[in-house]
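# Report on the structure
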Amino acid sequence: MAGLRPEPTARQMRLGTELRRLREAADITGREAAAMLGVSSAQISQIEAALTGVSEKRLRSMAANYSCSDEELISALVRMATDRTRGWWEEYRGQLPTSFLDLSELEHKATFRWDLDLLHVSGLLQTEDYARALFSTRIPELPDTDLDLRVRHRMQRRVILEGATPIPYKAVIHEAALRISVGGRAAAQAQLARILELSEADHISVRVIPFALERFDDTGSAMIYAGGSIPKLDTVVRDGPHGTAFVDSEAQLGVFRTLFRRVEAVSLDPERSRDLIHKLTKEL
């Protein structure tokens, strides 16, 4: 249909999802919502599927029709609906998978970021050589141009840690990820040195889960926790068998918040973590 978005972004889909949740919480059908707003049922479906945008006036009318009195949430949704920012990641549209761009936008809008990594160093902490070595293990092998694009994109993502307005960042990394020699001995040493350098920044906390820790329960896989403008709009990103998954249900967010805090609590404190990383650097 003319005028519809061919490929909504994850942020646009999140807005549609939140509006659908408000409607369903009010026990109102799509047809009833359309009648209240004076539009067709198809328009409600298109808004909730992020196939079309929504103005501030219409969004506030929808929230009122759904008896939503959470002004903090409504204002946050209005900001999502009216934001026309075209970030640096747009230069990669049509060249990289959409999930790469969605992650960049999520990071750009995040108020804080937590990472849990078990087998590899977090992308935000990676050196160029480390990232290139990781991408080079992909099967089937990436063409050189695609490999270069992925590495360059990953390096640009570090702006949220090293740019003019960095966000608070916590990384909890298993010792296994630090010991795996990605890209060879020199690259691995440089990667550990990079982590040590970044960990000295006031807004960055790096903690290590040592092999010696007996109370650690395997969480199954790595996760990214990105803080939204309000807690209800937080997002968890996980790599699954079929690609990147963005998790945003309130119940699941609570589970992942608790999981990260538990793992953080049993990991080494930042000072002892740096000591361990120093030790690993000498052992390589």
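Everything quoted here is computed from the prediction, not taken from an experiment.

Attention now moves to helix H7 (residues 128-135). An α-helix turns once per 3.6 residues; consequently, residues spaced three or four apart project the same way. Three or more residues of H7 are buried, namely Tyr130, Ala131, Ala133, Leu134 and Phe135. For H7, the secondary structure elements touched by its buried residues are helix H6 (98-109), helix H8 (144-156), helix H10 (175-179) and helix H11 (185-199).

Attention now goes to empty space enclosed by the protein. The full count for this structure, using the stated rule, is two cavities of 30 Å³ or more. Volume-wise, the largest cavity comes out at about 50 Å³. Residue lining of the largest cavity: Arg5, Gln12, Leu15, Gly16, Leu19, Ile47, Ala50, Thr52, Gly53 and Val54, and that is the complete set. No other element matches helix H1 (residues 10-25), which puts four residues into the lining of the largest cavity. For the lining of the largest cavity, the per-class residue count stands at five nonpolar, four polar and one charged. As a volume, the second largest cavity reaches approximately 40 Å³. Contributing to the lining of the second largest cavity are Val121, Tyr130, Ala177, Leu178, Ile180, Ala188, Gln191 and Leu192. Listing elements by their share of the lining of the second largest cavity, those giving two or more residues are H10 and H11. Ranked by residues supplied to the lining of the second largest cavity, first place goes to H11 with three residues. Tallied by class, the residues present in the lining of the second largest cavity amount to seven nonpolar, one polar and no charged.

Here we come to the pairing of strand E3 (residues 204-209). With respect to burial, E3 is a largely interior element, six of its six residues being buried. Residues of E3 alternate between two faces, with Ile204, Val206 and Val208 on one and Ser205, Arg207 and Ile209 on the opposite face, all of them buried. In this sheet, E3 lies alongside strand E2 (residues 169-174) in parallel orientation, the contact comprising six bridges. Counted as the bridge partner of Ile173 is Val208 from E3.

Criteria and thresholds
Note that residues are indexed from 1 along each chain, following the sequence as it is written. Side-chain atom pairs in this predicted model are given and counted only at pLDDT of 80 or more, local residue features only at pLDDT of at least 70, and totals for whole chains, interfaces and linings cover all residues. Only hydrogens and water are set aside; all other atoms, that is, all heavy atoms of the structure, feed into the side-chain values. Burial classes: relative accessible area under 20% of the type maximum marks a residue as buried, over 50% as exposed, and values in between as partly exposed (1.4 Å probe, protein chains only). Under the DSSP-based scheme used, a helix requires at least four consecutive residues in state H or I and a strand at least two consecutive residues in state E, with every element numbered from the N terminus. We call two residues contacting when some pair of their heavy atoms lies within 4.5 Å. Points on a 1 Å grid over protein atoms alone make up a cavity when a 1.4 Å probe fits among them but cannot get out, and a pocket when they form an open set with protein on both sides within 12 Å along at least five of seven lines; lining residues each have an atom within 4 Å of a point. Grid points are joined across faces, edges and corners, and a volume is the space filled by probe spheres set on the points. We call Asp, Glu, Lys and Arg charged. Ala, Val, Leu, Ile, Met, Phe, Trp, Tyr, Cys and Pro are nonpolar, and the rest, Gly among them, are polar. In this analysis, strands are considered paired if DSSP registers two or more bridges between them.

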